[in-house]
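Chain by chain, the residues:
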Amino acid sequence: MQALLAMWAEKFTVYPDGAELPTHHDHCLGCGPNNPHGHHLRALRHGDGVQAWHTFDNRHVGAPGIVHGGAVATVVDDLYGCLLFLEGGPAVTRQLTIEYLAPVLIGAEYRLQADVVRREGRKLFVAARATEPAGRAVITSTAVFVKVSVEHFAQGSPPGVPAD
Ligand SMILES: CCCCC/C=C\C/C=C\C/C=C\C/C=C\CCCC(=O)SCCNC(=O)CCNC(=O)[C@H](O)C(C)(C)COP(=O)(O)OP(=O)(O)OC[C@H]1O[C@@H](n2cnc3c(N)ncnc32)[C@H](O)[C@@H]1OP(=O)(O)O
């Protein structure tokens, strides 16, 4: 686990505008390429924020043809987690709100954008939205993240040992 934490700390570096940001780790439910249940989110730096183009598939269906609201929240939460790479250090979600303005459809591509709204001590107030290609917002979100030390993550076991 310590090696994993050290590797993760290296990901908090400077990324040029437009650069693809790293994944949190290989098995991350949001962005990990080796999680068969995951969303495989890829986020790019966009100005001071992050953006991604994302298409949900039938693994994440709720009502027929419509993405499960929890799956949408997972992706938004993970996008905020990618924003942390621009903040220079780890933080964790303390509060997450999602406004589901219109159904998010399986197989349709959405543009996601997340930005820091303000910083206050250890707290990071962030906001995000997902829009259709024509520009209509289907969800908006806000969240509060609290900065933590890398050691915060030593509370869990590394992927594959022994919890799964
Ligand atoms: C490959 C490397 C391997 C290692 C790492 C691997 C992976 C890393 C994974 C995650 C890394 C993070 C992000 C990237 C990943 C994925 C993205 C998704 C993010 C997540 O999936 S992350 C998981 C879900 N998340 C949690 O698992 C958090 C559980 N929780 C806690 O661990 C504690 O709760 C903690 C530490 C957050 C705080 O605890 P605490 O005791 O330190 O602090 P406290 O309670 O005092 O709150 C502090 C200040 O926030 C204010 N405050 C509280 N609530 C507020 C609200 N609603 N609105 C406005 N302000 C609020 C207070 O008023 C106070 O403010 P003030 O400082 O001004 O007094």
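Throughout, a residue's number is its position along its own chain's written sequence, starting from 1. Note on the predicted model: pLDDT of at least 70 is required for a residue's local features to be given, and 80 or more for side-chain atom pairs to be given and counted; whole-chain, interface and lining totals, by contrast, use all residues. Side-chain figures throughout are based on the complete set of non-hydrogen atoms in the structure, without hydrogens or water.

### Quick notes on the overall build of the chain
And step 1. Secondary structure is summarised from DSSP: a helix means a run of H or I of at least four residues, a strand means a run of E of at least two, and numbering begins at the N terminus for each. Helices and strands together make up the secondary structure of the chain, namely 2 helices and 6 strands.
And step 2. Here the C-alpha radius of gyration of the chain, 16 Å, is about what a compact globule of 164 residues would show, namely 15 Å.
And step 3. Under the scheme applied here, a residue whose accessible area is under 20% of the maximum for its type counts as buried, over 50% as exposed, and between as partly exposed, the area being computed with a 1.4 Å probe on protein chains only. Burial analysis of the chain (164 residues in total) assigns 41% to the buried set.
And step 4. In this description, accessible areas are obtained by the Shrake-Rupley approach with a 1.4 Å probe, and a residue is regarded as covered only by the protein chains that are shown. Split by element, the accessible area of the chain, about 8600 Å² in all, is 55% carbon and sulfur.
And step 5. Lys and Arg are tallied as positive, Asp and Glu as negative. Neither His nor the chain termini are counted. Charge placement uses NZ in Lys and CZ in Arg. For Asp and Glu, CG and CD serve respectively. Placing the 13 positive and 16 negative side-chain charges of the chain at their respective mean positions leaves the two points 6 Å apart. Radius of gyration: over C-alpha atoms. The globule rule applied is 2.2 Å multiplied by the number of residues raised to the 0.38 power.

### Regarding the UniProt feature "domain: Thioesterase" (unreviewed entry) in the chain
And step 1. The UniProt record marks residues 65-131 with the feature "domain: Thioesterase" (unreviewed entry), using the residue numbering of this structure.
And step 2. Regarding residues 65-131, the helix share stands at 28% and the strand share at 46%, and the terminal C-alpha atoms are separated by 18 Å. UniProt positions are given in the numbering used here, feature names are shortened, and annotations may be inferred rather than shown by experiment.

### Quick word on the sheet that holds strand E3 (residues 91-100)
And step 1. Paired strands, as defined in this entry, are two strands with at least two bridges between them according to DSSP. Read across the open sheet, the 6 strands follow the order E1-E2-E4-E5-E6-E3; overall the sheet is antiparallel. The open sheet has two edge strands, strand E1 (44-46) and E3, and neither has a second partner. With strand direction ignored, the average angle separating the axes of adjacent strands in the sheet is 25 degrees.
And step 2. Relative to strand E2 (residues 49-55), E1 is paired through 3 bridges, and the arrangement is antiparallel. Along E2, the bridge assignment pairs Arg45 with Val50. Fitted lines through C-alpha atoms serve as axes, helices being fitted only where they are in contact, and the angles separating the N-to-C directions of these axes extend from 0 to 180 degrees.

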